[in-house]
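# Descriptive analysis of the structure
Listed here are the chains, written in short residue letters.
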Amino acid sequence: MVRSGCDPLCSPLALNLSTIDAEPIDSMTSLRYAIVGCGMMGHEHIRNLQLIEGCEVAALFDTDSAMAASAQRSAPVARLAASLDDLLEMDGLDAIVLATPNFRHAEHLRHIASRRTIPLLVEKPLVTDPGDRELIDALERDYAAPIQVAMEYRYMPPLQRFLAEVESITGGIRHLSIREHRFPFLKKVDHWNRFNDRSGGTLVEKCCHFFDLMRLMIGAEPRRVMASGWQAVNHLDEAYDGRTPDIWDAAFAIVEFDDDTRAMLDLCMFAEGADYQEEIVAVGPAGRIDCLVPFAPSHWPNDLGVRPQPRVVIRSRDRRKREDILVPVDARLDDAGSHHGSTYFQHLKFRDVLLGKQAPEVTLRDGWRAVAIGIAAQESSATGMAVEPLL
Ligand SMILES: NC(=O)c1ccc[n+]([C@@H]2O[C@H](COP(=O)([O-])OP(=O)(O)OC[C@H]3O[C@@H](n4cnc5c(N)ncnc54)[C@H](O)[C@@H]3O)[C@@H](O)[C@H]2O)c1
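Residues numbered from 1 in each chain as written. Predicted model: local features only at pLDDT ≥ 70, side-chain atom pairs only at ≥ 80, totals over all residues. Heavy atoms only, no water.

### A few points about the side chain of Arg307
- Residue position: Arg307 is located in the loop between strand E13 (287-294) and strand E14 (311-316).
- In terms of polar contacts, Arg307 uses its side chain to reach the backbone carbonyl oxygen of Phe295, at 2.6 Å.
- When sequence neighbours within four positions are dropped, the list of residues in contact with Arg307 reads Pro294, Phe295, Ala296, Pro297, Trp300, Asp334 and His340. (Helix = DSSP H or I, 4+ residues; strand = E, 2+ residues; numbered from the N terminus. Polar contact = N/O pair within 3.5 Å; in protein donor to acceptor, adjacent residues only side chain to side chain. Contact = heavy atoms within 4.5 Å.)

### Considering the sheet that holds strand E7 (residues 147-150)
- If you walk across this open sheet you meet the 6 strands as E4-E3-E2-E5-E6-E7, and the pairing is parallel. On the outer flanks of this sheet lie strand E4 (79-80) and E7, each paired with one strand and no other.
- Bridge analysis of strand E2 (residues 31-36) against strand E3 (residues 55-61) gives 6 bridges, and the strand direction is parallel. Bridging across to E3, Val36 finds its partner in Phe61. (Pairing = 2+ DSSP bridges.)

### What about the nonpolar core?
- In terms of nonpolar packing, the biggest core is built from 64 residues, with Tyr33, Leu87, Leu109 and Leu120 touching the most fellow members.
- Per-domain counts for this core show at least three residues from each of domain 1 (14-152) and domain 2 (154-329 + 364-383).
- Sequence-distant contacts of Leu120, defined by excluding residues within four places in its chain, comprise Ile96, Leu109, Ile112, Tyr143, Pro146, Ile147, Gln148 and Phe350.
- Membership of the second largest hydrophobic core comes to 44 residues, among which are Met214, Ile247, Met269 and Cys291. (Core = buried A, V, L, I, M, F, W, Y, C linked by side-chain atoms within 4.5 Å. Buried < 20%, exposed > 50% of the residue type's maximum accessible area, 1.4 Å probe, protein only. Domains from an automatic or database assignment.)

### Some remarks on the pattern of salt bridges
- Counting across every chain of the model gives 31 salt bridges.
- Between Asp142 and Arg141 there is a salt bridge, and its shortest N-O distance comes to 3.3 Å.
- A relative accessible area of 61% places Arg141 in the exposed class.
- A salt bridge links Arg215 to Asp366; its shortest N-O distance comes to 3.0 Å. With Arg215 in helix H9 (residues 208-218) and Asp366 in helix H12 (residues 364-383), this pair connects stretches of sequence that are 151 residues apart. Neither Arg215 nor Asp366 differs from the other in exposure class; each is buried.
- Salt bridges linked by common partners bring Arg223, Arg224, Glu256, Asp260 and Arg262 together as one network. (Salt bridge = Lys/Arg side-chain N within 4 Å of Asp/Glu carboxyl O.)

What follows is the structure, encoded as C-alpha cells:
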C-alpha cells in the first residue's frame, strides 16, 4: 500500500515535517548568529536561518574575499568582520556557526574557546585528528556554553519517519546497512576536500554522518571496525600545487557494536546513476524497514525527468504488512539547501538550545565518536586489521 507522508498519522513527531512553519518565538526575541566560513555550507546556513522567524545573520567572516562578499550579498545586514578576533569582539551575538574546512575546526574551536564563551554549531566532522580528542574532552569539561555538532542527517524528514518506526517494525535492529551511492566530492575553496591531510580522509569527512546514524539507530557503542577503502575512479587526473588528490571515492566498512549488532556502510562516489543517494535498511526479528533518500533537486538535472521521492518502505517478516510511505520535503527547504531540509530542522533544534528549551541533541561526544569510527575505518583500510575506535 502506497501512502502519502502528509497524512497526519505520518507525522508522529514533535517536528511537523510536512510544513516548515516553525513554532513562533515571541517577537521581542531576536537571535543573532555569526557565520565563520562562508562557503557552500556557510551559505546553506544563511539561507535556512533566513527561513526561521526571530533568527538573524548578524556577522560573517571568511578569509576568502569573494566568498565573504557573496555571503554579504545573501545577508546584507550582516557585518563583515575583518578577522576572527574582530568577530569574537562583536557585542550582541547569540551564537556562532563554524563552517570552515575540516582541518581548521580544532584550531578555530581552541581559538574561540580561548577568547569567548558563546553557543556554537560546529560543522562535521567535528575534528579530524586522533590528537584532537583532548580538545573535545576539555571543551566537554570546561566550555560553559552549549556546542551542537552539525551532523544533521537524522533531521531529514524521511529519516525522522524511519527513526520513529524502526523499533516497532524491526523488534530491535540486529542488522543495519547504509549505502551512499552518489556523485564525486564537489569543488571546494582551495580544494581542501581533495586531500586526506585536510579533510581527515573520506571515512571521516563523508562518512561521519553515517557512523553517527548507526550509533543513533542501534543505541549502542562501536566495539571494532573493519574497512576497505580506496581511490578507484575520481580526481586521478586533477593536480593542485603539484599534488594529485589522494582522497578515496569508494569504501566498505563494517562496524560491530557492543550489543553485538552489526552495521555496514557501502560508499561509492562515482554512482550518479543510482536512483537513490542513500539507502538505509534495518532488519530485526520482526521485520525490515528501508529509508530511500533521493538525490537533492540541486543534484538532479531537470532533463532526467521525474526525481524519485523520499520513501520509507516497511515489510513485516511474515510479509503480511507491507507499506510504502512517501515522505516529501517542503520545496522551500529544498531551495534553501541540498540536504533534504535537515539543515532547517537542525536550526530549529539549535534555536531551542539558544532559548534554553533543550540541550544539544547532537553532542560533542556524538561528534567525536562518529569521527573516531571514521579514523578507525581509515586505519583498518590501511592496515587490513580490525581496529577498536578510540572512544
Ligand atoms: N553538514 C553537511 O551536510 C555538510 C555538507 C557540506 C560541507 N559540510 C562541512 O562544512 C564545512 C565547510 O565546507 P564547505 O562545503 O562549505 O566548503 P567550502 O570550501 O565551500 O567553504 C569553506 C569556507 O571556509 C573559508 N575558510 C577557509 N579557511 C578559513 C579561515 N581560516 N577562516 C575563515 N574562513 C575560512 C573558505 O574561504 C571557504 O569560503 C566543512 O567542515 C564540511 O565538512 C557539511
